[in-house]
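Listed below are the residues making up each chain.
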Amino acid sequence: MTSELAIDVSNLSFAHRKDVEQSLVNLALKLPTGSRTLLIGANGAGKSTLLQILAGKRLTPEESKVLIKGADVFRKPHPGVTFLGTEWAMNPVVRGDIQVSNFLDSVGGYRYKERRDKLLDILDVDLDWRMHEISDGERRRVQLVMGLMSTWDILLLDEVTVDLDVLVRDDLLTFLMGESETRGATILYATHIFDGLNNFPTHVAHMRFGEFVQTPQRWVPPLPGGRAGPHLHEVALQWLKDDRDYRRGLEKKGRKVRGARKDDVPTDSETFYRKYDYNH
């Protein structure tokens, strides 16, 4: 891992609309080349929004600085950035009646034959599968082959391993670690699944309400058979508990409360459906 910054972000704020709370608030992020960073935070912390911005999918205010390998992600996008998110598998196009071999060729798989074939073995993909007949997990494997077969420099992963079985996920993580260690590739990975991840990250970061509670810090995994340090699952669980307590504290001060409503006033939809409820 070198000292060169792969990702350099400062003064980054973002809101999906002008009339809603900001999803990201004056965020700063600096990741060295070759690092593997886990983004940890509750649902709605801003992890997906940050990854989408780094992938150039959302436009930010002019005062924000978002650099990949020293170049502006919007004005001079780096060709080696790959973003993989969960929404891909729900796209009706990739759920159509097309054979996996034809699908991969249609996105240039023949240009990356050696890496494509390696990933087909790692992810245990059958080239004769038809996309409309396979499970969500198998479709996710095809997505990963498609997204990883070119030689990317920056990999942005948004919950993309959620559908994979434990064995395939472990093989994939081993492959990604190899890419980082041998090619200096940089990985930023948002996930809520921490089993088997103790030895994967070089850094971990904690997001809450669009800000970093902890900016990326070096991660030292616990020693096998010993208790030299906490396991990643324990760290994540404690951080998420802290996030919930923090949010509930804000709710006591006037922030909109989640959960069951404490009054007897029905919602508009409840009033409507009660009127036309023929089950009673």
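None of these values were measured; they are calculated from a predicted model.

Rules behind the numbers
- Residues numbered from 1 in each chain as written.
- Predicted model: local features only at pLDDT ≥ 70, side-chain atom pairs only at ≥ 80, totals over all residues.
- Heavy atoms only, no water.
- Core = buried A, V, L, I, M, F, W, Y, C linked by side-chain atoms within 4.5 Å.
- Buried < 20%, exposed > 50% of the residue type's maximum accessible area, 1.4 Å probe, protein only.
- Helix = DSSP H or I, 4+ residues; strand = E, 2+ residues; numbered from the N terminus.
- Contact = heavy atoms within 4.5 Å.
- Salt bridge = Lys/Arg side-chain N within 4 Å of Asp/Glu carboxyl O.
- Polar contact = N/O pair within 3.5 Å; in protein donor to acceptor, adjacent residues only side chain to side chain.
- Patch = residues over 30% accessible without salt bridge, like charges linked within 9 Å, V, L, I, M, F, W, Y side chains within 5 Å.
- Areas by Shrake-Rupley, 256 points an atom, 1.4 Å probe, with all protein chains shown as cover.
- Pairing = 2+ DSSP bridges.
- Axes fitted to C-alpha atoms, helices over the stretch in contact; angles between N-to-C directions.
- Phe/Tyr/Trp six-rings, centres within 6.5 Å; stacked < 30°, edge-to-face > 60°.
- Lys NZ or Arg CZ within 6 Å of the ring centre and 35° of its normal.

Student: Whenever I open this one, the nonpolar core confuses me. Can you help?
Tutor: Soluble globular proteins tend to bury their nonpolar side chains together. Core analysis: the largest hydrophobic core is formed by 43 residues, its most contacted members being Leu123, Val142, Leu148 and Leu176. No other element matches helix α5 (residues 166-183), which puts five residues into this core. Among all residues touching Leu148, those that are not within four sequence positions of it are Leu84, Arg115, Leu119, Leu155, Leu172, Phe175 and Leu176. Ranked by size, the runner-up nonpolar core spans 26 residues in total, among them Leu12, Leu27, Ala45 and Phe212.

Student: Where do I start with the pattern of salt bridges in this structure?
Tutor: Counted by the stated rule, this structure contains 18 salt bridges. In this structure, Arg36 and Glu181 form a salt bridge, with 3.8 Å as the shortest nitrogen-oxygen distance. You can see Arg36 sitting in strand β3 (residues 36-40) and its partner Glu181 sitting in helix α5, a full 145 residues away along the chain. Under the relative-accessibility criterion, Arg36 is labelled buried at 6%. Two residues, Arg183 and Glu179, come together in a salt bridge whose shortest N-O distance is 2.8 Å.

Student: Hey, could you run me through helix α1 (residues 47-54) in this one?
Tutor: The periodicity of an α-helix, 3.6 residues per turn, causes residues three or four places apart in sequence to face the same way. Counting buried positions along α1 yields seven of eight residues, so the element is predominantly enclosed. Among the residues making up α1, those that are buried are Lys47, Thr49, Leu50, Leu51, Gln52, Ile53 and Leu54. In the stretch just after α1, Gly56 is the one whose phi turns positive, near 80 degrees.

Student: What is the right way to look at the side chain of Thr33 in this model?
Tutor: Note on placement: Thr33 falls in the loop between β2 (24-32) and β3. A relative accessible area of 8% places Thr33 in the buried class. Within the local environment of Thr33, its side chain forms a polar contact with the side chain of Lys69, the two groups lying 3.4 Å apart.

Student: I keep staring at a nonpolar patch on the surface and nothing clicks. Help me out?
Tutor: On the surface, Phe272, Tyr273, Tyr276 and Tyr278 cluster together to form a nonpolar patch covering roughly 550 Å² of accessible area. Looking at the element boundaries, Tyr276 is found in the segment after α7 (268-275).

Student: In this structure, what is going on with the sheet that holds strand β8 (residues 186-190)? I would like to understand it.
Tutor: Within a sheet, neighbouring strands are paired by backbone hydrogen bonds and run either parallel or antiparallel to one another. Taken together, six strands build an open sheet; the order of strands is β6-β7-β8-β3-β9-β10 and the sheet is mixed. Strands at the two margins of the open sheet, each flanked by one partner only, are β6 (81-85) and β10 (211-218). Averaged over all neighbouring strand pairs, the angle between strand axes comes to 15 degrees, with direction disregarded. Taken together, the four bridges between β3 and β8 define a ladder with parallel strand orientation. Each bridged residue has a counterpart across the sheet, and for Thr37 the counterpart in β8 is Leu188. Together, β6 and β7 (154-158) form the strand contacts of helix α4 (residues 136-148), whose direction differs from that of β6 by roughly 170 degrees.

Student: Would you take a moment to explain unusual backbone geometry for this structure?
Tutor: What is expected of a backbone is that most residues other than glycine have negative phi and most peptide bonds are trans. Of note, Lys69 is a non-glycine position whose phi angle comes to about 50 degrees, a positive value. Of note, the phi angle at Phe209 is positive, near 50 degrees, even though the residue is not glycine. Within the secondary structure layout, Phe209 lies in the loop between β9 (203-208) and β10.

Student: In this structure, what is going on with the sheet that holds strand β4 (residues 65-68)? I would like to understand it.
Tutor: Strand order in this open sheet of four strands is β2-β1-β4-β5, and the pairing throughout is antiparallel. Single-partner strands in this sheet number two, and they are β2 and β5 (71-72). Pairing of strand β1 (residues 5-14) with β4, which is carried by four bridges, proceeds in the antiparallel orientation. Opposite Val9, over in β4, you have Val66 as the bridge partner.

Student: Quick question: what am I supposed to make of the side chain of Asp8 here?
Tutor: Mapped onto the elements, Asp8 comes out in strand β1. Side-chain polar atoms of Asp8 contact the side chain of Lys30, separated by 2.7 Å. Contact partners of Asp8, with chain neighbours within four places excluded, come to Leu29, Lys30, Lys65, Val66 and Leu67.

Student: Is there a simple way to explain the packing of aromatic side chains in this structure?
Tutor: The description of two aromatic rings rests on the distance between their centres and on the angle between their planes. Considering all chains together, one arrives at two aromatic pairs under this definition. Judged by centre distance (6.1 Å) and plane angle (85 degrees), the rings of Tyr189 and Phe200 are edge-to-face. Placement of the pair is Tyr189 in strand β8 and Phe200 in the loop between β8 and β9, with a sequence separation of eleven residues. Here the aromatic rings of Phe209 and Tyr246 are separated by 6.2 Å at their centres, their planes lie at 45 degrees, and the arrangement is tilted. Pair noted here: Phe209 is in the loop between β9 and β10 and Tyr246 is in helix α6 (residues 232-252), with a separation of 37 residues, a long-range link. Looking at Tyr246, the relative accessible area reads 40%, which means it is partly exposed. Lying over the aromatic face of Phe200, Arg36 brings its terminal NZ or CZ to 5.7 Å of the ring centre. If you follow Arg183 out to its NZ or CZ, it ends over the ring of Trp152, 5.2 Å from the centre.

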